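Here is what each chain is made of, one letter per residue.
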Amino acid sequence: MLKKTKSILVPIVIIAVIISMTIISVGGKSGYKKRVDAWSGTVKVTYNNEDKTRQVSPIVINGRTYLPLKSVSTLFGKSVTWNNSSKTVAIADTEDSATISQLQNKIIVLEAELAKYEGGSTEELEELAEDLDYEYHEYKDADFEISLKGNEDDINVIIETEKSDWNDISSRNQKSYIQNIVDDILDEFEDANIEGSVRDDSKVLDQFSVTTGGKLKLVSNIDNLEDTLNESLEDDEFGRLDDIDNDDLKIELEEDKDELTFYVYIKLEDDNYEDEWKALENDDIQSFLEDIYDKIDDVINDDSDDDDDAEVIDIEGYFCDDDEDEKLYKIYESSGEIKYKKYTENTVLEL
């Protein structure tokens, strides 16, 4: 029995010695050696649709793709260091990537603040908006929906209605309607900064702001104003010129800082209006232009004389031959008076 036991122990001791030698051969490090199948040059790597294969040098080991940590980290703007004593790989942001990260975080914060102003409102504002919507839901046969965004210090007023209904209301009544809403808001939040817009879905019809004294400043959207003027032209609200059809005329606007210029275009040659134009009296042309001038002034400078803080926009207008792109007549204000110029072939007449 003793001989048999001894014969079993011998191979066990030999195996233990072999394992010990294997561990020693690794150098005392954790891990183990293993025979593997490795392949290089069989994988392509792209970053933002750019080929980075040569830069990162991928290798496939036993069917799994490996990339050098340092090369990949550099590609993503990271730094890599090796601590031999602790056997630690340290990956960190570079100065540039850290700056980008900080900017991205700042953008997130600013977007959140913007969403708070444009898309959200406090409970007090929501309650006030419900009261305003109930009080001002109907006006001059038009329907409105009113909402408030922001907070008690900065309030954005959104008034939604149909474009055609809004245009049917006179500019003076439009301003009175909005002013009443603003006054009610200031009764609740007297120190609030208020601005807003009148909209038809996503299209802005008018924009407005409020001065420190609670005075409303209505700033019409120039595209909407141009549409309104042409609709008024077609409806003969500016009168008619003898033997000239208003449907053949068009009005265009140009805005430059504190000045607005309007152009009334007529096709003298194409529409055979040369004789009719020459036959017109100066008073007829002047009256026609003045009606358009007054309509624009009523919209963009309405009651501005009563408000010291209001910014007055200068207005001038021209009758132009659309065929030849030539000026025919001009209306403008000088020293508080409306004046006119008539353009002939080689001269300009002050009227």
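One can find the structure itself at the top, above this paragraph.
Residues numbered from 1 in each chain as written. Predicted model: local features only at pLDDT ≥ 70, side-chain atom pairs only at ≥ 80, totals over all residues. Heavy atoms only, no water.

Enquirer: What's the story with the pairing of strand 7 (residues 88-93) in this structure? I'm lost.
Expert: Within a regular beta strand, the side chains point alternately toward one face of the sheet and then the other, so they alternate between its two faces. Judged from the six bridges that link them, strand 6 (residues 78-83) and strand 7 form a sheet pairing that is antiparallel. When the bridges of strand 7 are listed, V80 appears paired with I91. Counting the residues in the hairpin turn of strand 6 and strand 7 gives four residues, including K87, whose phi is positive at 55°. (Pairing = 2+ DSSP bridges. Helix = DSSP H or I, 4+ residues; strand = E, 2+ residues; numbered from the N terminus.)

Enquirer: Looking at this structure, how should I read a negative patch on the surface?
Expert: Taken together, the side chains of E123, E124, E126, E127, E130, D131, E135, D183, D187 and E188 make up a negatively charged region of the molecular surface. Put simply, the parts of the chain that give the negative patch at least two residues each are helix 5 (123-135) and helix 7 (171-188). (Patch = residues over 30% accessible without salt bridge, like charges linked within 9 Å, V, L, I, M, F, W, Y side chains within 5 Å. Areas by Shrake-Rupley, 256 points an atom, 1.4 Å probe, with all protein chains shown as cover. Salt bridge = Lys/Arg side-chain N within 4 Å of Asp/Glu carboxyl O. Lys, Arg positive; Asp, Glu negative; His and termini not counted. Charge placed at Lys NZ, Arg CZ, Asp CG, Glu CD.)

Enquirer: Looking at this structure, how should I read the layout of surface pockets?
Expert: Where empty space is left can be seen by rolling a probe of water-molecule size over the atoms. Taken as a whole, the largest pocket holds about 480 Å³ of empty space. Secondary structure elements with two or more residues in the lining of the largest pocket: helix 9 (274-279), strand 18 (326-334) and strand 19 (337-343). Classifying every residue of the lining of the largest pocket gives six nonpolar, one polar and nine charged. (1 Å grid on protein atoms, 1.4 Å probe; cavity = no way out; pocket = protein on both sides within 12 Å on 5 of 7 lines; lining within 4 Å. Points joined across faces, edges and corners; volume = space filled by probe spheres on them. Nonpolar A, V, L, I, M, F, W, Y, C, P; charged D, E, K, R; others polar.)

Enquirer: Can you walk me through the pairing of strand 11 (residues 154-160) in this structure?
Expert: Within strand 11, five of the seven residues are buried, which leaves it mostly tucked inside the rest of the structure. Sheet analysis places strand 10 (residues 145-150) next to strand 11, joined by six bridges and oriented antiparallel. Among the inter-strand pairings, S147 is bridged to a residue of strand 11, identified as I158. Counted between consecutive antiparallel strands, the loop separating strand 10 from strand 11 contains three residues. Relative to strand 12 (residues 193-200), strand 11 is paired through seven bridges, and the arrangement is parallel. Its bridge partner lying in strand 12, I159 is registered against V198. (Buried < 20%, exposed > 50% of the residue type's maximum accessible area, 1.4 Å probe, protein only.)

Enquirer: Looking at this model, I keep getting lost on the environment of I338. Mind explaining?
Expert: Mapped onto the secondary structure, I338 falls in strand 19. Placed 22 residues apart in sequence, I338 and E316 show a C-alpha to C-alpha distance of 9.6 Å. Beyond its immediate chain neighbours, meaning those up to four positions away, I338 contacts Y293, I331, Y332 and E333. (Contact = heavy atoms within 4.5 Å.)

Enquirer: When you look at the environment of F144 in this model, what are you seeing that I'm missing?
Expert: Tracing the sequence through the fold places F144 in the loop between strand 9 (142-143) and strand 10. Residue F144 is classed as buried on the basis of its relative accessible area, which comes to 1%. The sequence separation of F144 and I159 amounts to 15 residues, and the corresponding C-alpha distance is 6.5 Å. Excluding residues within four positions of it along the chain, F144 makes contact with D133, Y136, H137, Y139, I159, E160, T161, W166, I169 and Y177.

Enquirer: Can you help me understand the nonpolar core in this one?
Expert: Nonpolar side chains in soluble globular proteins tend to be buried together. F262, I266, W277, F288, I296 and F319 are the most contacted members of the largest nonpolar core, which totals 32 residues. Of all the elements in the fold, those that place two or more residues in this core are helix 8 (222-234), strand 15 (250-256), strand 16 (259-266), helix 10 (282-300), strand 17 (314-321) and strand 18. For this core, the element with the highest residue contribution is helix 10, accounting for eight residues. Not counting chain neighbours up to four residues away, the residues in contact with F288 comprise L233, F238, G239, R240, L241, N246, L249, V264 and F319. With 30 residues, the next largest nonpolar core counts I169, Y177, L186 and L205 among its residues. (Core = buried A, V, L, I, M, F, W, Y, C linked by side-chain atoms within 4.5 Å.)

Enquirer: I tried to follow helix 10 on my own but got confused; where do I start?
Expert: The α-helix advances 3.6 residues per turn, and as a result positions three or four apart in sequence lie on the same side. For helix 10, which comprises 19 residues, the first-to-last C-alpha distance of 27 Å matches the rise-based estimate of 27 Å (1.5 Å per residue) to within 8%. Considered for burial, the residues of helix 10 that qualify are I285, Q286, F288, L289, I292, Y293, I296, V299 and I300. In an axial view of helix 10, the angular spread of the buried residues amounts to 165°, which keeps them on one side of the axis. (Expected span 1.5 Å × (residues − 1). Arc of directions from axis to C-beta.)

Enquirer: Explain the pattern of salt bridges here, please?
Expert: If the charged atoms of two oppositely charged side chains come close together, the side chains can form a pair. Under the criterion given, the structure shown has seven salt bridges. With a closest N to O distance of 3.9 Å, D245 and R240 form a salt bridge. Residue class for D245 comes out partly exposed when judged on its relative accessible area of 29%. The class for R240 is partly exposed, based on a relative accessible area of 48%. Connected through shared salt-bridge partners, K250, E252, K267 and D322 make up one network.

Enquirer: What's the story with the packing of aromatic side chains in this structure? I'm lost.
Expert: A ring pair, where both rings are aromatic, is described by two values, the distance of the centres and the angle of the planes. Following the criterion strictly, the structure yields eight aromatic pairs and no others. Measuring from ring centre to ring centre gives 6.0 Å for F144 and W166, while their planes differ by 85°; the resulting arrangement is edge-to-face. Of this pair, F144 sits in the loop between strand 9 and strand 10 while W166 sits in helix 6 (residues 163-167); the two residues are 22 residues apart in sequence, bridging distant segments of the chain. Judged by its relative accessible area of 0%, W166 falls in the buried class. Joined through ring pairs, the aromatic side chains of Y136, Y139, F144, W166 and Y177 make up one cluster. Across the ring face of Y265, the terminal group of K250 is positioned such that the distance to the ring centre comes to 5.6 Å. For K327, the ring lying beneath its charged end belongs to Y318, and the centroid distance is 4.3 Å. (Phe/Tyr/Trp six-rings, centres within 6.5 Å; stacked < 30°, edge-to-face > 60°. Lys NZ or Arg CZ within 6 Å of the ring centre and 35° of its normal.)

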